[in-house]
Amino acid sequence: MNKDKALKALEEDFKIFKKLPKKIRDDVDVKNYALSQAIDNTDDQWEWSYYLLNSKSNNLNQEDDYSNDDSYLTLKLAEISHSNITYLSSISKKLRNDINFFKALYEIRPKNFGWGYLEYASKKVKSNREIAISAMKAFPGDFFYLDQSLYQDHKILATALELIPNLVNNVIFTESLLVDKDFTSLLNKKTKNMLKACLTQKDAFRSKLPSPQLNLEPLTEDEFKMFIFGFIQIFLFSEDCDNQPFNTFSSELKNKLESIFTAVSFYDWPLLVNIPAQSLVFDAENELVDMALKNYSEKIISFSSVYFQNISFNKVYTKLCELGIELLAQSSLVEDGQQSDFEALREETQMNIFSSFNLTNQTQSNLKQRRWKKNVANLFLRKCVLWRGQFDLDEFDCPYDNPAYYELLQLVSARFKANRFVFSTGIFNLSDLLEGDELSAELKQNPNWGGTSLDSIISLNRDISMEKYYLITEHFDNACAQKFTNLVSMKALFEWLYREYGLTINFLNNNIFLKRNKLIKFQKFKSKLNLDDDFLSFLRKDLKNFAGIKSKEDFNLEYLSQFSSLDGEESNDNIKAKIGKDGYEFIDPQHPELGLLSKVEFDDLWSEIQINLASPVDGKYLNKEKEFMFFPDETSSIQAFEKYISLAVSKLEESQKTGSYSIQQSEIPMMRKGRILIDNMTDNIQNIGLLEDSAEMGYALELCLKTEILFYLKHDDSIDEVAAYKYSSDQFSIEENLYSQIIKVFVVKFKNGDCEMMALPFFRR
């Protein structure tokens, strides 16, 4: 085939480009013509790359087996494409090491392009100072893909801070660096002033934080015995990948313990300098091991005063946390944060493949061991904090009032010299915590008493400021406490959240698709005796409209009946089911097509809720009264509303007139914010304080605020009972959790008999 025939063939079908002889494909005219034909024939940019560039091999074990080495076409596509993964995810080892190729990428980078390139580069390219500066100027996120060696380069760091002032909160910019005269001398005047203000603000933050008394002294021999007993007992209640119980001092248990001791250099750990060598030998004759196993088999967690007198519990608890944190340091948490999305996906795929085929090779073993240590460390620390709560019942009402949490935060921060860890909290009942001989009489009389516990420690892909995160969570904790002292309804609570913070509650981003008055529906009824029976009676009074909700598409029972089973028949046993006995009951047994109500765990359904910022903004104005980020006044808030809503309205009007609309990359986040505001806005837009859209805020909403609301809904003095239900047209949808066919319902019963229902619709695409 000659060049003319190739051009003719491409005119008929550009998709045959990769089938042409290599000599023909290498001709620049042929490449240009193939690209022009692709652009003329399809708007799908993925197809351009798919049919013009070679793609990577499917062999996951060959890390460098990528085959796209066409720098000319790749650069052409980079100049006009809206995404880079389509043309960069498969570049060859040669291109990933080509400094000139990456220089060219940054030179032709489209205006307002929302992605970076360094993720796909080799260590050689990521170590290049010129590339590093170009990358950070073009896309701040590329800072996190620089080679580790550049993080030691003061000139690079100074340049990064001048280009991206927000990096001042990054873990790499330690306080010792920020006050280092050799480093600050490289900064321009504007950045120096910013840095001074930031350090002043951090000092102000710290002045508000509690100062836990951390005991870092080595253990005495008696303290060591208590420490070992506590470690073995709590560790036994943590899970490993096999999740097998230990009833005797078996070889498996010995190996498990010794693997932990080896991982954290336990045998020469500084805190054990005073401990005799013979105390570090663990076998079946060891009294402490025997005691821990006995308690484990009898389902007891405690430190018995029979064995330990006059021992500092706080000191031992600190050492237990230090041990768990050392496990975190040895796990893959830190490495996970450095992974690109592609690397994380590849590793997950590898693990799934090995797991599916039960392969036994070194790669599987290494991956399994890394994950095993990560899970054990998280669960071990969770059990430590839960168990610590037994000794602080008076202070355990809310998570951030308990000094154990902040002590753990301080220990994590000190060990990693980083701000990349936050706590996920969860609700627990103390009846679920295995009772020991030191539990208080009050607790034994109230086995259903509950609280908020550490659920896990999370390593973040984005760095956050721990000081700011702590203050945000503390603010929501205090705000909820004040709000719940006068709680009258869930509706009032969520209206308060929206009015005060611009926060909305939803499932699966329904707030983007439905207006607020359709997103959540509140109804009230009375309950004298059984909440389940009274709620069903309330629903049956209004069969056609679910609890008075008159939106036919979203809630009407007759409309939902189309999702019921094809034969439309139900067994007599099912029709006779009772919610108190069977967990579900038909709305109308005579008409099963109207659907059924199934009772579910309140906590489990609550975990599916999302609390989102309806109106995030980019401003950074410190409201000193509320101690975190708001717009400074109502006028600024209204201006922000107007800015985002105006953009969204103009684009929607353009779409209605022409069927589509044009938008720049930089306008997409503003468009999203405006759309959410339009869908959620009520007539009353007064007194709205807009929150800053930050990593700290996002994690605080997800990991703190949602838990705080759940805690108060379950334990406030004015509330008698809570219940959660799923409504659907058939039992199968509920059992399989087909979320697009389920209405979620929360019911709160107050002590005066008043009940309130909060219903959220199923997801509509």
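Residues numbered from 1 in each chain as written. Predicted model: local features only at pLDDT ≥ 70, side-chain atom pairs only at ≥ 80, totals over all residues. Heavy atoms only, no water.

Student: Honestly, the overall build of the protein in this entry has me stumped. Any pointers?
Tutor: The number of helices and strands found in the protein is 37 helices and twelve strands. For the protein, the proportion of its 765 residues judged to be buried stands at 50%. Look at the contacts in the protein between residues 6 or more apart in sequence, and 72% of them connect residues 24 or more apart. (Helix = DSSP H or I, 4+ residues; strand = E, 2+ residues; numbered from the N terminus. Buried < 20%, exposed > 50% of the residue type's maximum accessible area, 1.4 Å probe, protein only. Contact = heavy atoms within 4.5 Å.)

Student: Mind showing me how you'd approach the side chain of Glu 756 here?
Tutor: Examined against the element boundaries, Glu 756 turns out to sit in strand S12 (residues 754-760). Salt bridges are absent for the buried Glu 756, whose nearest opposite-charge side chain, Lys 524, sits at 5.5 Å. At a separation of 2.4 Å, a polar atom in the side chain of Glu 756 contacts the main-chain amide nitrogen of Met 490. The residues contacting Glu 756, other than those within four sequence positions of it, are Ser 489, Met 490, Lys 491, Phe 522, Gln 523, Lys 524, Phe 746, Val 747 and Val 748. (Lys, Arg positive; Asp, Glu negative; His and termini not counted. Salt bridge = Lys/Arg side-chain N within 4 Å of Asp/Glu carboxyl O. Polar contact = N/O pair within 3.5 Å; in protein donor to acceptor, adjacent residues only side chain to side chain.)

Student: Whenever I open this one, the packing of helix H24 (residues 466-484) against helix H36 (residues 695-715) confuses me. Can you help?
Tutor: If you want to describe how two helices pack, look at the angle between their axes and the distance between the axes. Where H24 meets H36, the axes come as close as 9 Å, and the angle between the chain directions of the two elements is 25°. Here H36 runs roughly parallel to H24, going by the angle between their axes. Handedness of the crossing formed by H24 with H36: right-handed. Contact residues: Lys 468, Tyr 469, Ile 472, Thr 473, Phe 476, Asp 477, Cys 480, Ala 481 and Phe 484 in H24; Glu 696, Met 697, Tyr 699, Ala 700, Leu 701, Leu 703, Cys 704, Leu 705, Glu 708, Ile 709, Tyr 712 and Leu 713 in H36. Considered class by class, the residues forming the contact of H24 with H36 number 16 nonpolar, one polar and four charged. (Axes fitted to C-alpha atoms, helices over the stretch in contact; angles between N-to-C directions. Parallel < 35°, antiparallel > 145°, perpendicular 65-115°, else oblique. Left-handed = near helix turned anticlockwise from the far one by under 90°. Nonpolar A, V, L, I, M, F, W, Y, C, P; charged D, E, K, R; others polar.)

Student: Looking at this structure, I do not really get the pairing of S12. What am I missing?
Tutor: Look at any regular strand and the pattern is simple: side chains alternate between the two faces of the sheet. Of all seven residues in S12, six are buried, a share of seventy percent or more. The pairing of strand S4 (residues 521-526) with S12 spans six bridges and is classified as antiparallel. When the bridges of S12 are listed, Lys 526 appears paired with Asp 754. Note that strand S11 (residues 743-750) and S12 share six bridges and pair antiparallel. Within S12, the residue paired with Lys 744 across the bridge is Leu 760. (Pairing = 2+ DSSP bridges.)

Student: Please clarify how the packing of H24 against helix H25 (residues 490-501) should be interpreted in this entry.
Tutor: Two elements in contact, H24 and H25, have axes whose closest approach is 12 Å; the angle formed by their N-to-C orientations is 135°. Comparing their axes, H25 and H24 come out oblique. As for how H24 packs across H25, the hand of that crossing is right-handed. Together, His 475, Phe 476, Ala 479, Cys 480, Lys 483 and Phe 484 of H24 and Ala 492, Leu 493, Trp 496 and Tyr 501 of H25 make up the contact between the two elements. Residue composition of the contact of H24 with H25, by class: eight nonpolar, one polar and one charged.

Student: Looking at this model, I keep getting lost on the packing of aromatic side chains. Mind explaining?
Tutor: For any pair of aromatic rings, the description consists of the separation of the ring centres together with the inter-plane angle of the planes. The final tally for this structure, using the stated rule, is 26 aromatic pairs. Seen from their ring centres, Phe 14 and Tyr 51 are 5.9 Å apart, and the 85° between their planes marks the pair as edge-to-face. Taken together, the positions of Phe 14 in the loop between helix H1 (3-12) and helix H2 (22-25) and Tyr 51 in helix H4 (residues 45-52) put the pair 37 residues apart, joining distant regions of the chain. Given a relative accessible area of 4%, Phe 14 falls into the buried group. (Phe/Tyr/Trp six-rings, centres within 6.5 Å; stacked < 30°, edge-to-face > 60°.)

Student: Would you mind showing me how to read the nonpolar core here?
Tutor: Side chains of a nonpolar character, in soluble globular proteins, are inclined to be buried together. In this structure, Phe 224, Phe 227, Phe 231, Phe 266 and Leu 408 are the most contacted members of the largest nonpolar core, which totals 62 residues. In terms of residue count, the dominant contributor to this core is helix H15 (residues 221-236) (ten residues). Core analysis: the second largest hydrophobic core is formed by 58 residues, Ala 6, Leu 73, Val 125 and Ile 156 among them. (Core = buried A, V, L, I, M, F, W, Y, C linked by side-chain atoms within 4.5 Å.)

Student: Sorry, what's going on with the side chain of Asp 70 here?
Tutor: Within the secondary structure layout, Asp 70 lies in the loop between H4 and helix H5 (71-80). Apart from residues no more than four positions distant in its own chain, Asp 70 is found in contact with Lys 31, Leu 53 and Leu 95.

Student: It is not clear to me how the sheet that holds S12 should be interpreted in this structure. Could you clarify?
Tutor: Backbone-to-backbone hydrogen bonds pair the strands of a sheet. The strands run either parallel or antiparallel. A sheet is described by the order of its strands in space; here six strands give the open sequence S4-S12-S11-S10-S6-S5, paired in antiparallel fashion. Edge strands, defined here as strands with exactly one partner in the open sheet, are S4 and strand S5 (584-586). With strand direction ignored, the average angle separating the axes of adjacent strands in the sheet is 25°. Strand contacts of H25: S4, S11 and S12, with the helix running at about 50° to S12, the strand carrying the most contacts. Each of S4, S5, strand S6 (596-600), strand S10 (719-728), S11 and S12 is contacted by helix H28 (residues 531-540), which is oriented at about 115° to S4, the strand it contacts most.

Student: Would you mind showing me how to read the confidence of the model for the protein here?
Tutor: Detailed reading of the predicted model is not advised wherever pLDDT is low. Scored by pLDDT, the protein has a mean of 77; 74% of the residues are at 70 or more. For the protein, per-element mean pLDDT is lowest for strand S8 (residues 622-623), which scores 52, and highest for helix H8 (residues 99-107), which scores 93. A low-confidence stretch, residues 58-65 stays under pLDDT 50, and its non-local contacts, those more than four residues away or across chains, total 13 contacts. Low confidence marks residues 434-438, where pLDDT is under 50. Its contacts with residues over four positions away, or in another chain, come to 19 contacts. (pLDDT = per-residue confidence, 0-100.)

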